[in-house]
Amino acid sequence: DQQVKQNSPSLSVQEGRISILNCDYTNSMFDYFLWYKKYPAEGPTFLISISSIKDKNEDGRFTVFLNKSAKHLSLHIVPSQPGDSAVYFCAASKTNSGYALNFGKGTSLLVTP
Amino acid sequence: DTEVTQTPKHLVMGMTNKKSLKCEQHMGHRAMYWYKQKAKKPPELMFVYSYEKLSINESVPSRFSPECPNSSLLNLHLHALQPEDSALYLCASSQDPGQFGGQPQHFGDGTRLSIL
């Protein structure tokens, strides 16, 4: 049962434009959300996270937005760069019940020059 | 450079072999994890160690045996694996979420395992 869903397998964006990656979740007990970036032949790299007590968190070019009522989060990358081309995974966890990260299936982002 | 180091990067073994995967971190993290990732799929949690004690086993077959010798090291011992066990095995570590709340997990680059 997929509790974290990324419904867009791929996204193509021009360099300099905004990339918006979306993620939906079904479990209302999730209270901590993360985005990871993964290049081929490497492990996932942590990008940014957000707690359910916030609705926005920003780190440089990366901003994560959380809409708890819609059970939806998104990652905005501005401006997009060719080096951002990778697979992006959304993940969620329930901090009061331990450690497991529930991952979405990923979105492959291609930033073209 | 990843701060979680996994060895070997690649491993090919027969179904009767015994081998071990190793993971090391020096970030002072007290929670360590093993994940399995099949092609085109997200990582799936296998085991969690917290303060060197096994705290989660996600119903993993006994042919996979984890071990945490100390707070920096995590091993995964493999014996009598099946071809369907071929996958990327990822190790991760984090601060203890039980103590600090939501914490990001930091991943190694994985071991690509092929079972013949």
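Going by the structure above, here's the rest.
Residues numbered from 1 in each chain as written. Chains lettered and ligands numbered in written order. Predicted model: local features only at pLDDT ≥ 70, side-chain atom pairs only at ≥ 80, totals over all residues. Heavy atoms only, no water.

Asks: I would appreciate a short explanation of the pattern of salt bridges in the present structure.
Replies: Where side chains of opposite charge bring their charged atoms close, a pairing between them can arise. Residue and element names in this part refer to chain B. Summed over the entire model, instances satisfying the criterion amount to four salt bridges over all chains. Among the salt bridges present, the one from Asp85 reaches Lys36, with a minimum N-O distance of 4.0 Å. Within this pair, whereas Asp85 is found in the loop between β8 (73-79) and β9 (87-94), its partner Lys36 is found in strand β4 (residues 31-37), the two being separated by 49 residues in sequence. Here Asp85 makes a salt bridge to Arg63, at a shortest N to O gap of 2.7 Å. Taken as a pair, Asp85 in the loop between β8 and β9 and Arg63 in the loop between β6 (53-57) and β7 (64-70) lie far apart in primary sequence, 22 residues in all. Among the charged side chains, a network of salt bridges with common partners joins Lys36, Arg63 and Asp85. (Salt bridge = Lys/Arg side-chain N within 4 Å of Asp/Glu carboxyl O. Helix = DSSP H or I, 4+ residues; strand = E, 2+ residues; numbered from the N terminus.)

Asks: Even after reading the chapter, I still don't get the sheet that holds strand β3 (residues 19-25) of chain A, so can you show me in this structure?
Replies: Sheet strands pair via backbone hydrogen bonds, and the direction of the pair is either parallel or antiparallel. Residues and elements named next belong to chain A. Strand order in the open sheet formed by five strands is β1-β3-β8-β7-β6, with antiparallel pairing between adjacent strands. At either margin of the open sheet sits one strand with a lone partner, and together these are β1 (4-5) and β6 (56-59). Of the strand pairs in this sheet, strand β7 (residues 62-67) and strand β8 (residues 72-77) are connected by six bridges, and their pairing is antiparallel. From the neighbouring strand, Phe62 faces β8, where its bridge partner is Ile77. (Pairing = 2+ DSSP bridges.)

Asks: Looking at this structure, how should I read the interface of chain B and chain A?
Replies: Quite often, the size of an interface is put as the accessible area lost when its parts meet. On the side of chain A, 19 residues touch chain B, which itself brings 25 residues to the contact. Summing both sides of the interface, chain B and chain A together bury roughly 1,600 Å²; the carbon and sulfur share of this comes to 67%. At the surface where chain B touches chain A, the tally comes to zero salt bridges. Counting residues per element, the ones that place at least two in the side of chain B that touches chain A are β4, β5 (44-50), β6, β9, α1 (97-100) and β10 (106-107) of chain B. Element by element, the count of residues in the side of chain B that touches chain A is highest for β4 of chain B, at four residues. (Contact = heavy atoms within 4.5 Å. Buried area = accessible area lost by both parts, 1.4 Å probe.)

Asks: When you look at the packing of aromatic side chains in this model, what are you seeing that I'm missing?
Replies: For any pair of aromatic rings, the description consists of the separation of the ring centres together with the inter-plane angle of the planes. All chains considered together, the criterion is met by 11 aromatic pairs over all chains. Ring centres of Tyr36 of chain A and Phe46 of chain A lie 5.9 Å apart, and the angle between their planes is 65 degrees; this geometry places the pair in the edge-to-face category. Placement of Tyr36 of chain A in strand β4 (residues 32-38) and of Phe46 of chain A in strand β5 (residues 45-51) is noted, with a sequence separation of 10 residues between them. By relative accessible area, which is 0% here, Tyr36 of chain A ends up buried. Looking at Phe46 of chain A, the relative accessible area reads 25%, which means it is partly exposed. Every member of this aromatic cluster is reached through a ring pair, and the members are Tyr36, Phe46, Phe89 and Phe103 of chain A together with Tyr33, Tyr35 and Phe107 of chain B. (Phe/Tyr/Trp six-rings, centres within 6.5 Å; stacked < 30°, edge-to-face > 60°. Buried < 20%, exposed > 50% of the residue type's maximum accessible area, 1.4 Å probe, protein only.)

Asks: What exactly am I supposed to notice about the side chain of Gln37 of chain B here?
Replies: Mapped onto the fold, Gln37 of chain B is located in strand β4. Among the polar contacts listed, one links the side chain of Gln37 of chain B to the backbone oxygen of Lys41 of chain B, at a separation of 2.8 Å. In this view, Gln37 of chain B contacts Lys38 and Phe89 of chain A together with Pro42, Pro43, Ala87, Leu88 and Leu90 of chain B; residues no more than four positions away in its chain are not counted. (Polar contact = N/O pair within 3.5 Å; in protein donor to acceptor, adjacent residues only side chain to side chain.)

Asks: How should the nonpolar core be read in this particular structure?
Replies: Residues and elements named next belong to chain A. Ranked by size, the top nonpolar core spans 23 residues in total, and within it Phe33, Trp35, Leu73, Leu75 and Tyr88 carry the most contacts. At the level of elements, β3, β4, β5, β7, β8, β9 (86-93) and β11 (107-112) are the ones that each hand at least two residues to this core. Here the element with the most residues in this core is β9; it accounts for four residues. Once you skip the residues sitting within four places of it in the chain, Leu73 turns out to touch Leu21, Asn22, Cys23, Tyr25, Phe33, Trp35, Val64, Phe65, Leu66 and Cys90. (Core = buried A, V, L, I, M, F, W, Y, C linked by side-chain atoms within 4.5 Å.)

Asks: What is the right way to look at unusual backbone geometry in this model?
Replies: What is expected of a backbone is that most residues other than glycine have negative phi and most peptide bonds are trans. The linkage connecting Val78 of chain A with the following residue, Pro79 of chain A, adopts the cis geometry, with an omega of -15 degrees. Along the polypeptide, Pro79 of chain A turns up in the loop between β8 and β9. The omega torsion across Thr7 of chain B and Pro8 of chain B is -10 degrees, close enough to zero to call that bond cis. Within the element layout of this structure, Pro8 of chain B appears in the loop between β1 (4-7) and β2 (10-13). For Ala41 of chain A, which is not glycine, the phi dihedral falls at a positive 65 degrees. Its location among the elements puts Ala41 of chain A in the loop between β4 and β5. The phi torsion at Lys40 of chain B lies on the positive side, around 65 degrees, for a residue other than glycine. The residue Lys40 of chain B is located in the loop between β4 and β5 in this model.

By themselves, these figures tell us nothing about what the structure is for.
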